[in-house]
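Architecture and fold: a report
Residues per chain, in single letters:
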Amino acid sequence: MKLFAIRGGIHPEYRKELASDKAITALPMPQRLRILLHQHIGAPARLLVAAGERVLKGQMIAQGQGPVSAPAHAPTSGYIESVSEVTAPHASGLAQTAVVLVPDGKEEWAPLPTPLADPLTAEPQLIRDLVAQAGIVGMGGAAFPSVVKLHLGTQRKLEMLVLNGAECEPYLTCDDRVMREHPDEVIDGARIMAHALGAPLVIIGIEDNKPEALEAMTREAAAFPEVQVRPVPVQYPMGSERHLVQALTGRETPAAKLTADIGAVVHNVATAQAIHHAVRFGRPLIERVVTVSGRAVREPRNILAPIGAPVTALIDFCGGLVGVPARLVQGGPMMGQPLPSLDVPVIKGTSGILALNAEETGEAEAGPCIRCGTCVAICPCGLVPLEMAAFIRTDNLDGANNLGVTECLSCGSCSWACPSHIPLVQYFNYAKGMLKTKERDRTKHERTKTLTEAHRDRLERAAAAKAAAAAAKATTKGTPPAARQPRAEEPAEA
Amino acid sequence: MMIETATTSAPYTHSAASVQKTMTTVILALVPATAFNLYLFGWPAVFLFAVTVGACAAMEGLALLISGRRLMPTLGDGSAVLTGWLLAMTLPPWAPWWTGLLGAVFAILLGKQIFGGLGQNLFNPAMVARVALLVSFPVAMTSWVAPHPLFWTGTPGFLEALAITFGGQIPDGYSAATALGLVKTGLSMGQTVSQSVGQLPDLMDMGLGLRAGSLGETSALLILAGGLFLIWKKVITWHVPAAMLGTLFVAATLGHLANPERFTDGTFQILSGAAFLGAFFIATDYVTSPVSKTGQLIFGFGVGLLTWIIRSFAGYPEGVAFAVLLMNSLTPIIDQYTRPRRFGRTRRGEPLAPQGDK
Ligand code: SF4
Ligand code: SF4
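Looking up chain A in an unreviewed UniProt entry gives the name Ion-translocating oxidoreductase complex subunit C, with the organism given as Candidatus Thiodictyon syntrophicum. On record in UniProt, under Subunit (unreviewed entry), the comment for chain A is "The complex is composed of six subunits: RnfA, RnfB, RnfC, RnfD, RnfE and RnfG." If you open the UniProt record of chain A and go to Sequence similarities (unreviewed entry), you find "Belongs to the 4Fe4S bacterial-type ferredoxin family. RnfC subfamily."

Below is the structure:
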């Protein structure tokens, strides 16, 4: 089984040893859960419950809205204390609407959707329905509603499902633990997904710094000829979809296309496990494994936490903090979000909570670019970070766009390696944001223009009809028709 | 501009790399060759070295003060010291003190700070200074001496050395010609290359550095050791040195085969002058050489070829400094044409064909 080289990449200090030997342990049910309505990319879910109401475990408390959205469920039975604004686990620290649930300790299940008796022969739409109802989103951190990706097989001929077990972010070990402790569930979930996608093959890529996971998954996959488990080199960002597909198949996804366009759909291993639960048992996504780590955490561990659990409860479960951390991060250190405080809830995309000390972050004042070329050599996308940053510094967004800034993964490799500590990714995120806004404005403008043109056409047609009618009348009366010019284009709004 | 200097977005971890570390490693790599040559050329060389390095650091400080910037961390990054060090290594070992001082003005003020400081300059500051000194003070810059190791009899003592460096007079009987100079002068006097080469130290001594030459250039072996150390430390890659030395060697060999009486051979060319120092420490300067590996190959090729052309056809015996400066001016354009292929796109920037098999 041949592997293919991917360009660039880095080898950050992995620091997975802090938590990798800690078996998944369940968090004792906290006194309050705060379940955000918006835990995924796409439109926020619509509230279904009100304060004072009693809810049961697994009961839908908010409904997905629109094509890209996901519902939220009660992680346990209890009372809705309120629906209020809470600090969301985002850099902004802005408040978002959450359902505050006080558990009653009874763990009383709501009636769940009927699971599929034999999902591997079932109609794919039935699987997708269960996945949609279960509110499953990509659990690697991107939180993209999974059902949308399961639809990709309906228009395309897919060859394979690629399961991302690379877990290339330093510190994180939650996927590793899931693969070691529940390989059967992950592989079953993967087979169900492959069936739903119409993909005959499943390839599971695991970075070879996880020998136990590789072993457990290989053993479990042995029974299924269509499932292959393959070690991939330890090379950040191996977990990037396009790069993982390239490493496993040698196929390079063309710019502006999806991996699905070259026959592969990528899902995360934890997502596969959640899909197994949803399809086999009708269980919604109400808990997840979170790695709590970093040297500022007394006892790093892998915790099975209900969605909505306060991060403080997770930290306490790890024996608290040692000193004042230099950084709090949700996710991995390369692409994670800075946390405004510990007083935020766990969401479906929370793969890790890291409390890092100053030595670990290695933060330093940025200096001038010395043109060392490191960033160019390591960018997995073949971009030229130093030049893009130079353009952005002078607010030349078009220049940066021409160099491909929008194709940047924000993987952080360039910032990580830059000896001058230039926050390159920060520049690119800024530029991407600005370019997106500009693009949105442009499409809006164009839409307005089309509408205006349609309006003018209508007027012209009406005028022509009127003129024709007048002409018809005139021929009978013998006077020339009054030439009526359509009025000049009305000014476009906005 | 809305970006703040504080890191407010990921990554929240960093490699151990820093500018200061890079500069320190380069300096460390220069130590063996420098120490050996300071020994070889005695006290006058030690004084000149100290003056040049000190003056460069002082100029950097001055420039920061004048422009109202903080002294630290810029002064502490080591780049000014490195520039001074490299400049010193290219000066005649017994050159007077003011060459070091003026060199610092040329290198740091005109070569670097005028462009905005570290990272902004188009030309290698040490080479700017060397060439500026060479064209302004051709005599002082081409007064060579034979090796006179420290503590040997017949070697200038401490006080005599002070007079040489700060008094500017090289006493009679010490001068010698460099190998390249000898060949050049020989050619101009109608001698053939083989006649001149007959008067030269043998190749072994050339490689070890037991010959007349610049303060830090003569020991190709120790410089090579430093260069390999830098490659091992991943501060530089093999691309520039290999392309430059390879091209110089091949060009010289071809020339020599075509006309042995007119052109010296490849081995002689790469062992003499600043070839090794240039290949590992000067042409590899981050700021003024291309950033991509392909660009670095082209750059090294250019420096090698130009060095040979200048040495063989121009009025100066030594060509590395001019060659580096000429190629520096091409760096932006080389960078522009050697950008990597973007993921999912062809070299020309079009998206790949949808069937992604390659
Ligand atoms: S890594 Fe940093 S210093 Fe080096 S070229 Fe890139 S931006 Fe410049
Ligand atoms: S430019 Fe973007 S894709 Fe390239 S290394 Fe930097 S963050 Fe990663």
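Attention shifts here to the site of ligand 2. Residues and elements named next belong to chain A. Neighbouring ligand 2 are 13 residues, the closest being Cys379, Cys408, Cys411, Gly412 and Cys414. Listed by contribution, the elements that provide at least two residues to the shell around ligand 2 are helix 13 (413–417) and helix 14 (424–477). Across the shell around ligand 2, the residue classes tally to ten nonpolar, three polar and no charged.

Looking at ligand 1, the residues that line it are A:Cys369, A:Ile370, A:Arg371, A:Cys372, A:Gly373, A:Thr374, A:Cys375, A:Leu386, A:Cys418, A:Pro419, A:Ile422 and A:Leu424. Residues that form the shell around ligand 1 fall into these classes: nine nonpolar, two polar and one charged.

A word on the interface of chain B and chain A. Taken together, the 41 residues of chain B in the interface contact 61 residues of chain A. Summing both partners gives a buried area of about 4,600 Å² for chain B against chain A, and 56% of it is carried by carbon and sulfur. Summed over the three residues of chain B that lose the most area to chain A, namely B:Tyr12, B:His14 and B:Phe343, the buried surface amounts to 19% of that side. Among the ionic pairs, B:Arg342 bridges to A:Glu407, the shortest N-O distance being 3.1 Å. Across the contact surface, chain B and chain A share 18 residue pairs in polar contact (both at pLDDT 80 or more). The residue makeup of the side of chain B that touches chain A, split by class, is 20 nonpolar, twelve polar and nine charged.

For the rest of this paragraph, the subject is the sheet that holds strand 16 (residues 337–338) of chain A. All names here are of chain A. Spatial ordering of the open sheet is given by 1-14-13-17-15-16, a layout of six strands whose pairing is mixed. On the outer flanks of this sheet lie strand 1 (25–26) and strand 16, each paired with one strand and no other. Direction of pairing for strand 15 (residues 327–330) relative to strand 16: antiparallel, over a ladder of two bridges. Within strand 16, the position partnered with Val329 by the bridge is Pro338.

Right, let's get into the confidence of the model for chain B. The predicted coordinates should not be examined in detail at positions where pLDDT is low. Here chain B shows a mean pLDDT of 85. Residues at 70 or above account for 92%. The ipTM, which scores confidence in the relative placement of chains, is 0.88 for this predicted complex, and the corresponding pTM is 0.87.

So, about the UniProt feature "binding site: [4Fe-4S] cluster 1" (unreviewed entry) in chain A. Residue and element names in this part refer to chain A. Taken from the UniProt record, the annotation "binding site: [4Fe-4S] cluster 1" (unreviewed entry) applies to Cys369, Cys372, Cys375 and Cys418. Over a stretch of 50 residues, the named residues converge on one spot in the fold, their C-alpha atoms separated by at most 10.5 Å. Within the secondary structure, Cys372 sits in the loop between helix 9 (358–361) and helix 10 (374–378). Judged by relative accessible area, Cys372 falls into the buried class, the value being 14%.

Looking now at the sheet that holds strand 2 (residues 33–36) of chain A. Residues and elements named next belong to chain A. Spatially, four strands are ordered 2-8-7-4 in an open sheet, and the strand pairing comes out antiparallel. The sheet terminates laterally at strand 2 and strand 4 (54–55), the two strands that pair on one side only. Pairing geometry for strand 2 and strand 8 (residues 95–103), over four bridges, is antiparallel. Note on strand 8: the bridge partner recorded for Ile35 is Val99.

Examined bridge by bridge, strand 7 (residues 78–87) of chain A and strand 8 of chain A share nine bridges and lie antiparallel to one another. By the bridge assignment for strand 8 of chain A, A:Ser82 is matched with A:Val100.

Applying the stated criterion across every chain, the model contains eight aromatic pairs over all chains. Residues B:Phe263 and B:Phe313 carry aromatic rings whose centres are separated by 5.7 Å and whose planes lie at 65° to one another, so their mutual orientation is edge-to-face. Linking B:Phe263 in the loop between helix 10 (239–258) and helix 11 (266–271) with B:Phe313 in helix 13 (residues 293–313), this pair joins segments that are 50 residues apart in sequence. An aromatic cluster is present here, built from B:Phe263, B:Trp308 and B:Phe313 joined pairwise through their rings. Note that A:Arg301 overlies the ring of A:Phe317, its terminal NZ or CZ placed 4.3 Å from the centroid.

What follows covers unusual backbone geometry. Residues and elements named next belong to chain A. For the peptide bond that leads from Tyr236 to Pro237, omega is -5°, which places it in the cis range. Relative to the elements of secondary structure, Pro237 occurs in the loop between strand 11 (227–232) and helix 6 (241–249). Phi at Glu107 takes a positive value of approximately 50°, unusual for a residue other than glycine. Here Glu107 is to be found in the loop between strand 8 and helix 1 (124–133).

Cut-off values and rules
Residues numbered from 1 in each chain as written. Chains lettered and ligands numbered in written order. Predicted model: local features only at pLDDT ≥ 70, side-chain atom pairs only at ≥ 80, totals over all residues. Heavy atoms only, no water. UniProt positions renumbered as here; feature names shortened; annotations may be inferred. Near = heavy atom within 4 Å. Helix = DSSP H or I, 4+ residues; strand = E, 2+ residues; numbered from the N terminus. Nonpolar A, V, L, I, M, F, W, Y, C, P; charged D, E, K, R; others polar. Contact = heavy atoms within 4.5 Å. Buried area = accessible area lost by both parts, 1.4 Å probe. Salt bridge = Lys/Arg side-chain N within 4 Å of Asp/Glu carboxyl O. Polar contact = N/O pair within 3.5 Å; in protein donor to acceptor, adjacent residues only side chain to side chain. Pairing = 2+ DSSP bridges. pLDDT = per-residue confidence, 0-100. Buried < 20%, exposed > 50% of the residue type's maximum accessible area, 1.4 Å probe, protein only. Phe/Tyr/Trp six-rings, centres within 6.5 Å; stacked < 30°, edge-to-face > 60°. Lys NZ or Arg CZ within 6 Å of the ring centre and 35° of its normal.

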